[in-house]
Amino acid sequence: MDQRKWDACVKNFIMKKGPGFLVCAGIAVVAQLIAKLVPTVGAALFAIGLGIVCGNTFLNRPCFDEGTRFSERNLLEYSIVLTGATLMLGDILALGWTGIGFIVCQMALTVCAAYLIGRKMGFGKKFSLLMGAGNAVCGSSAIATVSPVVKADSKDKGISITIVNITGTVLMVLLPILTGLLYQHETLHTTAMIGGVLQSIGQVIASADLVGSEFVPTATIFKIIRIVFLVFVALVYSRLNTEPEGKLFSKRSTAASGVKAGIPWFIIGFFLLAVVNTTGIIPPVVSDVAHLVSQQFEIIALAAIGMRVKFRDLACEGPKALCYGLSVGTCQVLFALVLIRLFLG
């Protein structure tokens, strides 16, 4: 790329994404200052809360949309990659087959529950499957991945993303309370509940941080295992009949298949850095810097998540869709309670 094209790309980034990014960064700074006064709450929840308030009042402007979208998606991905430089491979493998079994069963039950509840409430196949993927895997990212697989329209995609994010935001606050009552914040059970239930990785980080910063890495690992399995969810969806006519498991036309889904790049980056860090190549000071930068990216991304939750969208979806989302979220928690007992003791 020559200098002229590079300058144009930089200018385009600054003009389009700069305003929204700077707003999210400013909210993150304020959230961290407030968190120093109330350390038991933590900066993560303040960042999301301030983002919601600001994004629905004086900062509710279209000029911030591209920057908040970039901050929510890209910065969180960079943060996940950098987290790999702070973990040993043994930390990841410590979950073992029981941890993986818990995640697989939790995801399968969530997809089934979301589909069955959605159909009982009168929603279409495609919307119900999008809700299943969003709740079972990784929120908006999973919905965006499987939307072309099931040939969902933009309306179904938009509503499912909104409802899944609302459900996750509610559970993000409630799960730390629930795990405190049930598990007295024992590490494995608490992180399994948070990492195995919450919809987006940002919500997992924020919720785990409410319990304590030391809970974030393990909860993130549970969540990352779910994200890896997005490939298999997309593959299963590609074999389903999502047309209104016919049964879900009837043969799908070959024209409907052919959508590819791979492991997200940031998951690969996370594991690669974890492997490198395990070898001892990464000096402790570099690992500390990676942790600091990752933490800042997280808080900025969480501010962006808050900025993108719009009250007008909640009003538009109506009580039926909201009830659907909360019903699926309740099922997820109940499934996790049983499966944690079965797999993790």
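Residues numbered from 1 in each chain as written. Predicted model: local features only at pLDDT ≥ 70, side-chain atom pairs only at ≥ 80, totals over all residues. Heavy atoms only, no water.

S.K.: Teacher, can you tell me more about the overall build of the protein chain here?
M.R.: Looking only at helices and strands, one finds 15 helices and 0 strands in the protein chain. The C-alpha radius of gyration of the protein chain comes to 20 Å, within 12% of the 20 Å expected for a compact globule of 345 residues. Dimensions of the protein chain along its principal axes, counting C-alpha atoms only, are 55 × 50 × 40 Å. Counting only residues that meet the buried cut, the protein chain has 50% of its 345 residues in that class. If you take every contact in the protein chain between residues at least 6 apart in sequence, the share linking residues at least 24 apart comes to 80%. For the protein chain, the computed accessible surface area is about 16,200 Å², with 69% contributed by carbon and sulfur atoms. In the protein chain, 28 positive and 18 negative side-chain charges are present, and the distance between their average locations comes to 9 Å. (Helix = DSSP H or I, 4+ residues; strand = E, 2+ residues; numbered from the N terminus. Rg over C-alpha atoms; globule rule 2.2 N^0.38 Å. Buried < 20%, exposed > 50% of the residue type's maximum accessible area, 1.4 Å probe, protein only. Contact = heavy atoms within 4.5 Å. Areas by Shrake-Rupley, 256 points an atom, 1.4 Å probe, with all protein chains shown as cover. Lys, Arg positive; Asp, Glu negative; His and termini not counted. Charge placed at Lys NZ, Arg CZ, Asp CG, Glu CD.)

S.K.: Would you mind showing me how to read helix 11 (residues 216-228) here?
M.R.: Given 3.6 residues per helical turn, the α-helix brings residues three or four places apart onto the same face. Taking 1.5 Å of rise per residue, the 13 residues of helix 11 would be expected to cover 18 Å, and the 18 Å separating its terminal C-alpha atoms lies within 8% of that figure. Taken across its 13 residues, helix 11 has 10 buried, putting it largely inside the fold. (Expected span 1.5 Å × (residues − 1).)

S.K.: Looking at this model, I keep getting lost on the environment of Ile 100. Mind explaining?
M.R.: The topology assignment puts Ile 100 in helix 5 (residues 96-120). Spatially, the C-alpha atom of Ile 100 lies 30 Å from that of Leu 322, the residues being 222 residues apart in sequence. The contacts of Ile 100, once residues within four sequence positions are left out, are Ile 225 and Phe 229.

S.K.: How do you make sense of the pattern of salt bridges when you look at a structure like this?
M.R.: The final tally for this structure, using the stated rule, is 1 salt bridge. Between Lys 17 and Glu 66 there is a salt bridge, and its shortest N-O distance comes to 3.9 Å. Placement of Lys 17 in helix 1 (residues 3-37) and of Glu 66 in helix 3 (residues 65-84) is noted, with a sequence separation of 49 residues between them. By relative accessible area, Lys 17 is classed as partly exposed at 21%. Judged by its relative accessible area of 32%, Glu 66 falls in the partly exposed class. (Salt bridge = Lys/Arg side-chain N within 4 Å of Asp/Glu carboxyl O.)

S.K.: Would you explain the packing of helix 9 (residues 187-197) against helix 11 in this entry?
M.R.: If you want to describe how two helices pack, look at the angle between their axes and the distance between the axes. At a minimum axis distance of 8 Å, the contact between helix 9 and helix 11 shows a crossing angle of 40 degrees. On the basis of the axis angle, helix 9 is oblique to helix 11. The two elements helix 9 and helix 11 cross, and the hand of that crossing is right-handed. When helix 9 is examined against helix 11, the residues Leu 188, Thr 191, Ala 192, Ile 194, Gly 195, Gly 196 and Val 197 are found in contact with a partner set consisting of Thr 218, Ala 219, Phe 222, Lys 223 and Arg 226. Of the residues in the contact of helix 9 with helix 11, the class split is 6 nonpolar, 4 polar and 2 charged. (Axes fitted to C-alpha atoms, helices over the stretch in contact; angles between N-to-C directions. Parallel < 35°, antiparallel > 145°, perpendicular 65-115°, else oblique. Left-handed = near helix turned anticlockwise from the far one by under 90°. Nonpolar A, V, L, I, M, F, W, Y, C, P; charged D, E, K, R; others polar.)

S.K.: Sorry if this is basic, but what is going on with the packing of helix 2 (residues 43-55) against helix 10 (residues 201-211) here?
M.R.: One can describe the packing of helix 2 onto helix 10 by two numbers: an axis separation of 7 Å at closest approach and a directional angle of 130 degrees. Comparing the axis directions of helix 2 and helix 10 gives the class oblique. In this structure, helix 2 contributes Ala 43, Ala 44, Leu 45 and Ile 48 to the contact, and helix 10 contributes Ala 206, Asp 209 and Leu 210. Residue classes in the contact of helix 2 with helix 10 are distributed as 6 nonpolar, no polar and 1 charged.

S.K.: Explanation requested: the packing of aromatic side chains in the structure shown.
M.R.: The relative placement of two aromatic rings is captured by the distance of their centres and the angle of their planes. If you walk through the whole model with that rule in mind, you get 7 aromatic pairs. Between Phe 102 and Phe 222 the ring centres are 6.0 Å apart and the planes differ by 85 degrees, which places this aromatic pair in the edge-to-face class. Remark: Phe 222 occurs in helix 11 and Phe 102 occurs in helix 5; sequence separation between them is 120 residues. When its relative accessible area of 0% is taken as the criterion, Phe 102 is described as buried. Linked through ring pairs, Phe 123, Phe 127 and Tyr 324 together constitute an aromatic cluster. (Phe/Tyr/Trp six-rings, centres within 6.5 Å; stacked < 30°, edge-to-face > 60°.)

S.K.: Would you take a moment to explain a nonpolar patch on the surface for this structure?
M.R.: Taken together, the side chains of Val 170, Leu 174, Ile 177, Leu 181, Leu 182 and Leu 326 define a hydrophobic patch exposed on the protein surface, amounting to about 550 Å² of accessible area. Topologically, Val 170 is positioned in helix 8 (residues 154-183). The class of Val 170 is partly exposed, set by a relative accessible area of 37%. (Patch = residues over 30% accessible without salt bridge, like charges linked within 9 Å, V, L, I, M, F, W, Y side chains within 5 Å.)

S.K.: How do you make sense of unusual backbone geometry when you look at a structure like this?
M.R.: In most cases, non-glycine residues show a negative phi, while peptide bonds are predominantly trans. Here the phi dihedral of Gln 184 falls at roughly 50 degrees; this positive angle occurs in a residue that is not glycine. Its location among the elements puts Gln 184 in the loop between helix 8 and helix 9. A relative accessible area of 59% means that Gln 184 is categorised as exposed.

Any functional reading would require information beyond the geometric quantities listed.
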